[in-house]
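Inside the fold
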Amino acid sequence: MSGLYIRNLFPDPRMRNFPSRLSFIGCRLDSSTSVFEPSASRYPGLTLEATEDGDNWAAANITLPANARLVLACRSSGSATSNGQSMSVWNSGGNIYLASTLQGKNGRSGEFTVPSDGRVKVTFRAAKTTGGIASVFNVFIGSLADYRILQEIGTNGFLAWDLMPDPRS
């Protein structure tokens, strides 16, 4: 595998600063962690608590390579969400749906095309009932080929820039 680069285009896979960028609809940030400790089943992610019944989520705008064909992937657990998804991506205005992952251990979306301006809104789904907790971790956005290689490596789907730097940096 010498010379092989796998790129995770999610801007903060370890969730060190990303939670502070989120806006919340019907939920709040319960906790987040940047810990990557596979032997203890601990992975970087965030946990949202629903503050009302309904369709609840946290969202932030991010920039991705314009017109790229990508997939979303993450692991998730906790209370059911209103639409059975754990993570979605939309155009930056939030009015054109692009892709989503199903809630569960290893959710992956189908391929989607990033808008020509490179800006998207990523959403993390919260539980549908007040007090419910939903967690999302091991967030990945990248090419389908990179995702498949990542699965073969056996990192439980986690890849951060400090493990394999993005050549853009």
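Everything here concerns the structure above.
As the structure is a computational prediction, the values presented were derived from the model and not from experiment. (Residues numbered from 1 in each chain as written. Predicted model: local features only at pLDDT ≥ 70, side-chain atom pairs only at ≥ 80, totals over all residues. Heavy atoms only, no water.)

1. A closer look at the overall build of the protein chain
Across its full length, the protein chain carries one helix and eleven strands. Secondary structure of the protein chain in N-to-C order comes out as β-β-β-β-β-β-β-β-β-β-β-α. Here the protein chain displays about 7,800 Å² of accessible surface, and carbon together with sulfur accounts for 49% of that area. (Helix = DSSP H or I, 4+ residues; strand = E, 2+ residues; numbered from the N terminus. Areas by Shrake-Rupley, 256 points an atom, 1.4 Å probe, with all protein chains shown as cover.)

2. Remarks on the sheet that holds strand β6 (residues 85-91)
Pairing in this open sheet of five strands is antiparallel, and the strands run β1-β4-β10-β6-β7 from one edge to the other. Each end of this open sheet is capped by a strand with a single partner; those strands are β1 (23-25) and β7 (97-102). Each strand axis lies, on average, 25 degrees off the axis of its neighbour in the sheet, ignoring direction. In the sheet, β6 pairs with β7 via five bridges, with the strands oriented antiparallel. Of the residues in β7, the one forming a bridge with W90 is Y97. (Pairing = 2+ DSSP bridges. Axes fitted to C-alpha atoms, helices over the stretch in contact; angles between N-to-C directions.)

3. Re the pattern of salt bridges
A complete count under the given rule lists five salt bridges for this structure. When the shortest N-O distance is used, the salt bridge between E37 and R42 registers 3.3 Å. On the basis of relative accessibility, which here comes to 34%, the residue E37 falls in the partly exposed class. Salt-bridge contacts for R125 lead to D55; the nearest nitrogen and oxygen are separated by 2.1 Å. (Salt bridge = Lys/Arg side-chain N within 4 Å of Asp/Glu carboxyl O. Buried < 20%, exposed > 50% of the residue type's maximum accessible area, 1.4 Å probe, protein only.)

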